[in-house]
Amino acid sequence: MAVNTGKILRVNLTMGEVATESVPEQIAEDFVGGRGYGIKYLYDELPPNVDPLGADNKLILLTGPLAGTSAQAVSRWMVVTKSPLTGAFARSVGGADFGAWLKFAGYEMVIIDGKSDRPVYIHITGEGCQIKDAAGLWGKETKETQEWLKQQHGNNTRVTCIGPAGERLVKYAAIVSDRRTAGRCGTGTVMGSKNLKAVAVTAQRILHLHDKEAYDRLVKEQVGIIRESKGFENHKEWGTTNTQNVTNSIGIYPVMNFRYGQQVDYDKISGGEYRRFRTGEFGCYSCPARCGKAHLVQSGPFKGAYSEGPEYESIWAFTGSIDSTSIEATIAADQLCDDLGLDTISAGSCIGFAYELYEKGILTKADTDGLELNYGDPTPMVELIKKIAMRDGIGNILAEGSRKAAATIGKGAEKYAIHVKGLELPAYEPRGSKTQGYNYVTSSIGASHCYGYSGQDVFGAIEPRPSDRFAEEENADLVIFNQDGTASRETGIVCTFSSGWGWVPALYGRMLVAARGIEKLGDSDYLNKVGERIFNLERAFNIRQGLGRKDDTLPDRMLTEPLHTREAPGEGQIVRRQEQFLDRYYELRGWTKEGVPTSQKLEELGLADVVKDISGK
Ligand code: SF4
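Rules and cut-offs
- Residues numbered from 1 in each chain as written.
- Predicted model: local features only at pLDDT ≥ 70, side-chain atom pairs only at ≥ 80, totals over all residues.
- Heavy atoms only, no water.
- Pairing = 2+ DSSP bridges.
- Helix = DSSP H or I, 4+ residues; strand = E, 2+ residues; numbered from the N terminus.
- Axes fitted to C-alpha atoms, helices over the stretch in contact; angles between N-to-C directions.
- Contact = heavy atoms within 4.5 Å.
- Expected span 1.5 Å × (residues − 1).
- Buried < 20%, exposed > 50% of the residue type's maximum accessible area, 1.4 Å probe, protein only.
- Arc of directions from axis to C-beta.
- Near = heavy atom within 4 Å.
- Nonpolar A, V, L, I, M, F, W, Y, C, P; charged D, E, K, R; others polar.
- Polar contact = N/O pair within 3.5 Å; in protein donor to acceptor, adjacent residues only side chain to side chain.

Engineer: When you look at the sheet that holds strand β4 (residues 77-82) in this model, what are you seeing that I'm missing?
Structural biologist: Taken in spatial order, the six strands line up as β2-β1-β6-β3-β4-β5 in an open sheet, and their pairing is mixed. Of all strands in the sheet, those with a lone pairing partner are β2 (17-22) and β5 (89-94), marking the two edges. Averaged over all pairs of adjacent strands, the angle between strand axes in this sheet comes to 15°, irrespective of strand direction. The strands touched by helix α2 (residues 35-45) within the sheet are β1 (7-12), β2, β3 (59-63), β4, β5 and β6 (109-113), with β3 carrying the most contacts at an inclination of about 160°.

Engineer: Looking at this structure, I do not really get helix α4 (residues 142-153). What am I missing?
Structural biologist: Residues spaced three or four apart along an α-helix point in a common direction, a consequence of the helix completing one turn every 3.6 residues. For α4, spanning 12 residues, the distance from its first C-alpha to its last is 16 Å, which sits close to the expected 16 Å at 1.5 Å a residue. By the burial criterion, the buried members of α4 are T142, T145, Q146, L149 and H153. The buried side chains of α4 occupy one side of the element, clustering within an arc of 95° when seen end-on. If you follow the buried residues of α4, they end up packed against β7 (120-125), β8 (128-133), β9 (157-161), β10 (175-177), β12 (196-202) and α12 (327-340). Looking at the residues trailing α4, positive phi occurs at G154, about 95°.

Engineer: In this structure, what is going on with the pairing of β6? I would like to understand it.
Structural biologist: Side-chain direction in a regular strand flips from residue to residue, so the side chains alternate between the two faces of the sheet. Among the five residues that make up β6, four are buried, leaving the element largely enclosed by the rest of the structure. Here five bridges tie β1 to β6, and the two strands are oriented parallel to one another. Bridging across to β6, I8 finds its partner in M109.

Engineer: Looking at this structure, how should I read the side chain of S433?
Structural biologist: Its location among the elements puts S433 in the loop between β17 (423-424) and α17 (434-442). What S433 contacts, discounting residues up to four positions off in sequence, is I252, D457 and R469.

Engineer: Could you clarify how one ought to interpret the site of the ligand in this entry?
Structural biologist: R76, R180, H235, G283, C284, C287, A289, R290, C291, C495, F497 and W501 make up every residue found near the ligand. Grouping the constituent residues of the shell around the ligand by class yields seven nonpolar, two polar and three charged.

Engineer: How do you make sense of the environment of Q204 when you look at a structure like this?
Structural biologist: For Q204, the position within the fold is in the loop between β12 and α7 (212-227). For the pair Q204 and W101, spaced 103 residues apart in sequence, the C-alpha to C-alpha distance is 8.0 Å. In contact with Q204, not counting residues within four places along its chain, are F104 and N156. Polar side-chain contacts of Q204 include one of 3.4 Å to the side chain of N156.

Engineer: Would you mind going over the sheet that holds strand β14 (residues 292-296) with me for this structure?
Structural biologist: Within a sheet, adjacent strands bond to each other through the backbone by hydrogen bonds, running parallel or antiparallel. Here three strands make up an open sheet; going across it, the order is β13-β14-β15 and the pairing antiparallel. Here the strands that pair on one side only, and so sit at the sheet edges, are β13 (278-282) and β15 (306-307).

Here it is in structure tokens:
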């Protein structure tokens, strides 16, 4: 049987042209799929210095080599592009069914280029692709947009789209599918800059696997492993709606713009409290965890608010950031972000930043359109979300992200902008979880917890070894282990949560062989090497954009102010040895003192072509 490397759909919105091609076998062997394909094509096709919001930037939608099959937790989708928020590589992951549907239509990748002169959407079917007028959809929220497209093209249609925030080029606009978002890095902003409202796929469930019989046997094995896993039962019951119980108890739940690591009265926002608002659950294609938990507010000022969330990051973004314990307000805020198409992490973080500026007198009522941004009061937060999405008043400044907003506001506001490379920090305090913090520092996209999640620091994971969460350069090897492992897993856009309940690299390798027909992919050591290759190519992408050691830093607050943890351990922690960490990390990675991959390392990884692009940087 022929190998199955995946097909690419190319759409040029300037020319209105569509083309298809297959991924060459060598690329499939070297990069496997998913994030590997994403960086390979973006690196090869995007010259440095392209304006992220210009017609020349490329937006690449990806699904994985196993997507749409009966295997569990392998049907998520991904976007890669150059980020308008950071100017660096962007990768963001979404869930629900879209990834499976893209695969049913016959594609693993959609490379979108150019810019339409009017609002359009792309409609993909098994028979072809059309660029269609979206004038009637422009201005609509994400839910309405998806409903309209399903009415238009039938129930066998799945959609990714942007909301009003993406249309207005809010720098952290999300791409939404169902109620799952590819939130980080402003991928929705790039989509908006192309006048692209949505991508809709209408398809029947048809798949081409290299060896279906072998594949089905492997899926049975995977299901057995998951069923026996304790981590799976816990994730199925709670999703991430109780992670704040853990992070508060160990002092790494960021409060008041990362001043404290524990929230007063955090039992009021525990998983058990959220459970009282739960009305249902939902999940991604062929995943028995169904870890999305829907919540409804039954009474009070936010009565009627309904969200298919919030999950842990959004719970934090709308409680800890502003020191509120209102579950009702988090549900309302989460709903708004999904409807309007905003990343909840960056939105919540920018709002926490604004609250601190207000406390310090750097922003006053005159600057905030009359809103009083007092800690503990969530009502102005909900108003700010609307203002950000619509770029109204103070929202227009915060819509640029905290780094640029601070530069616009001045008066010392920079000190309070909490980001790495322009991407706002997520809900794990770096001073109390240094492996996590140093992952933010060195990740290819800025401060992302998902780029190399430290299960060692947060949950006491013991693979490849336990961590001391307050140690610094001593944990450089763990940061690399987590980052390269994630990159390897994301060749299949395998859900990151499954790493806690059923991720077996050797089994993944055998599934890839049965799906693709490329024997080399069955070797899990080789797949680890692919993870390292991907990470290094992303680094080279960033180096070519002008980023380097100077950009590998946590915010000043983490380097100069002690963390306060109230009753939790970790009081007084500071990140003291960032430079020593970087020296050690770069050395272990095989990079120069400036954080540039050496020619020796690139050649070892089969990336010799890249050497000329970054030598001397
Ligand atoms: S664990 Fe949750 S996020 Fe992951 S694939 Fe399953 S339902 Fe989706």
